[in-house]
Amino acid sequence: MNDATKNKRDALIKMVYAAVCLSLCMVLPFITGQIPEIGKRLSPMHIPVFICGFLCGWPWGLVVGLIAPILRSFLFGMPALFPDAVCMAFELATYGAVAGILYRVLPRKAWSVYVSLVCGMLAGRVVWGVVKWAVLGLSGSEFTMKMFLAGAFINAVPGIILHIVLIPPVILALSRAGLVRNN
């Protein structure tokens, strides 16, 4: 197989993976949404975005993260488009991009999956806070540090734990199976 054919094949595979991840972003919130008290805290839409960043690379992770909350808002009305889906779009785009970039540059070891994931989570939450502050500030509302810490970390503990427990084993298994194309 020549290089041009291999590149087209790899691009098609990444596109299919990204489409599957975007589809999962639409479906997974239905599963956890049946338990409103904890469903939102599990952040189910974040999981496929991280997986896309790892599997397909940062550009695909960024695009899927950017599109997913806004598309889901238009299709199903949740999350609310403004300010939630808009802020989430920046957050999730950061998740996919940072996880994809770090996974590409770090050695292909188990620890690098965890480092990429945690750094992506931290960067995405900071971006979410900055965007939420800007969006609410423009609309005349206040977004305090207490609100940021509650939204980004305290209320998100179940999702953070779920992501750290679930995503790395999935990525490591897919990598062992030769399905990770982030190169």
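Described in the following lines is the structure provided in the data block. (Residues numbered from 1 in each chain as written. Predicted model: local features only at pLDDT ≥ 70, side-chain atom pairs only at ≥ 80, totals over all residues. Heavy atoms only, no water.)

This brings us to the side chain of S112. Its place among the elements puts S112 in helix 6 (residues 110–138). Polar side-chain contacts of S112 include one of 2.7 Å to the backbone oxygen of P107. Aside from chain neighbours lying at most four places away, what touches S112 is Y103, L106 and P107. (Helix = DSSP H or I, 4+ residues; strand = E, 2+ residues; numbered from the N terminus. Polar contact = N/O pair within 3.5 Å; in protein donor to acceptor, adjacent residues only side chain to side chain. Contact = heavy atoms within 4.5 Å.)

To continue, consider the side chain of T94. Here T94 lies in helix 5 (residues 81–105). If we skip the residues at most four places from it in the chain, T94 touches A99, A123, G124 and V127.

Looking now at the state of the cysteines. Applying the stated criterion across every chain yields a total of zero disulfides. Free cysteine C56: the closest other cysteine sulfur is in C52, separated by 4.1 Å. By relative accessible area, which is 2% here, C56 ends up buried. We note that C119 lacks a disulfide partner, and the nearest cysteine sulfur, in C52, lies 19 Å from it. On the basis of relative accessible area, C119 is assigned to the partly exposed category, the value being 32%. (Disulfide = S-S within 2.5 Å. Buried < 20%, exposed > 50% of the residue type's maximum accessible area, 1.4 Å probe, protein only.)

None of this, on its own, says anything about what the molecule does.
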